[in-house]
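Structure assessment
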Amino acid sequence: MATSAVPAVEGWFTTGDEPRLLGSRCTSCGTVSFPAASGFCGNPACRGRELVPAELSRTGKVWSYTDAQYQPPPPYIPPTDEHEPFALAAVELADEQIVVLGQVAHGYSVDDLSVGAPVELVVEPLYEVDGVEHLIYRWKPC
Ligand SMILES: [Zn+2]
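Calculation rules
- Residues numbered from 1 in each chain as written.
- Predicted model: local features only at pLDDT ≥ 70, side-chain atom pairs only at ≥ 80, totals over all residues.
- Heavy atoms only, no water.
- Helix = DSSP H or I, 4+ residues; strand = E, 2+ residues; numbered from the N terminus.
- Rg over C-alpha atoms; globule rule 2.2 N^0.38 Å.
- Buried < 20%, exposed > 50% of the residue type's maximum accessible area, 1.4 Å probe, protein only.
- Contact = heavy atoms within 4.5 Å.
- Areas by Shrake-Rupley, 256 points an atom, 1.4 Å probe, with all protein chains shown as cover.
- Lys, Arg positive; Asp, Glu negative; His and termini not counted.
- Charge placed at Lys NZ, Arg CZ, Asp CG, Glu CD.
- Core = buried A, V, L, I, M, F, W, Y, C linked by side-chain atoms within 4.5 Å.
- Pairing = 2+ DSSP bridges.
- Donors = N, O, S within 2.8 Å, 3.2 Å for Na, K, Ca; no water.
- Tetrahedral: all angles 85-135°; square planar, octahedral: opposite > 155°, others 65-115°.

**A closer look at the overall build of the protein**
A tally of helices and strands in the protein yields zero helices and nine strands. Helices and strands appear in the protein in the N-to-C order β-β-β-β-β-β-β-β-β. For 142 residues, the compact-globule estimate of 2.2 N^0.38 gives 14 Å, and the protein sits close to it at 16 Å. Expressed as lengths along the three principal axes of its C-alpha atoms, the size of the protein is roughly 50 × 35 × 30 Å. Taken over 142 residues, the protein has a buried fraction of 37%. Long-range pairs, those at least 24 residues apart, make up 54% of the contacts in the protein with a sequence separation of at least 6. For the protein, the accessible surface area stands at approximately 8500 Å², while carbon and sulfur atoms represent 51% of it. Computed over 8 positive and 19 negative side-chain charges, the inter-centroid distance for the protein is 14 Å.

What follows is the structure in structure tokens.
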């Protein structure tokens, strides 16, 4: 039983009942980046240097998806000894319309996905080390 939980990647998402991805927004042109950009705007046509933190949409629609039948290379840490295939979805965020890749929520597979289908952001345990759960964001069909 895990005694505490921390994000597997610091600063990429909030936790709680309504988790959100954390990106950045350029104050000059409004371009949103995920993960957060630092130093300069991700828009090549913009010279903006001021980036502010931005909480991104919790929902989006499936842009593309695939099945990871093979175990990814490190730094991926397998949650079980045997590789269990999992689904990956590229999701277009509702407001920002940028595409964010992520695993699909536990218990769902590519059979539950279709292009254009609505999904929402959830945060689930990725792996556990010494009683500490490490959390990752995932896309849940809804
Ligand atoms: Zn910009």
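**Re the nonpolar core**
Ranked by internal contacts, the top residues of the largest apolar core, which has 25 residues, are L21, F34, L56, I98, V100, Y137 and W139. Only strand 6 (86-93), strand 7 (99-104), strand 8 (118-129) and strand 9 (132-141) provide two or more residues apiece to this core.

**Let's talk about the sheet that holds strand 3 (residues 32-33)**
Taking strand neighbours across the sheet as the criterion, the three strands line up as 3-2-4 in an open arrangement whose pairing is antiparallel. Each of the sheet's edge strands pairs with one partner strand only, and the pair in question is strand 3 and strand 4 (51-55). Note: strand 2 (residues 22-26) against strand 4, five bridges, orientation antiparallel. Residue pairing across strands places L22 opposite E55, the latter belonging to strand 4.

**So, the environment of C41**
One can find C41 in the loop between strand 3 and strand 4. Sequence-distant contacts of C41, defined by excluding residues within four places in its chain, comprise C26, C29, T31, C46, G48 and L51.

**Some remarks on the coordination of the zinc ion**
Surrounding the zinc ion are the protein donor atoms C26 (SG), C29 (SG), C41 (SG) and C46 (SG), which sit 2.3 Å from the metal. Considering all four donor atoms around the zinc ion, the spread of angles at the metal, 104 to 115°, places the coordination shape in the tetrahedral class. Of note, the zinc ion draws all its donor residues from one chain, in the sequence arrangement C-x2-C-x11-C-x4-C. For the pair shown, C41 and C46 are each scored as buried.

Fair warning: the whole summary comes from geometry, so function is off the table for now.
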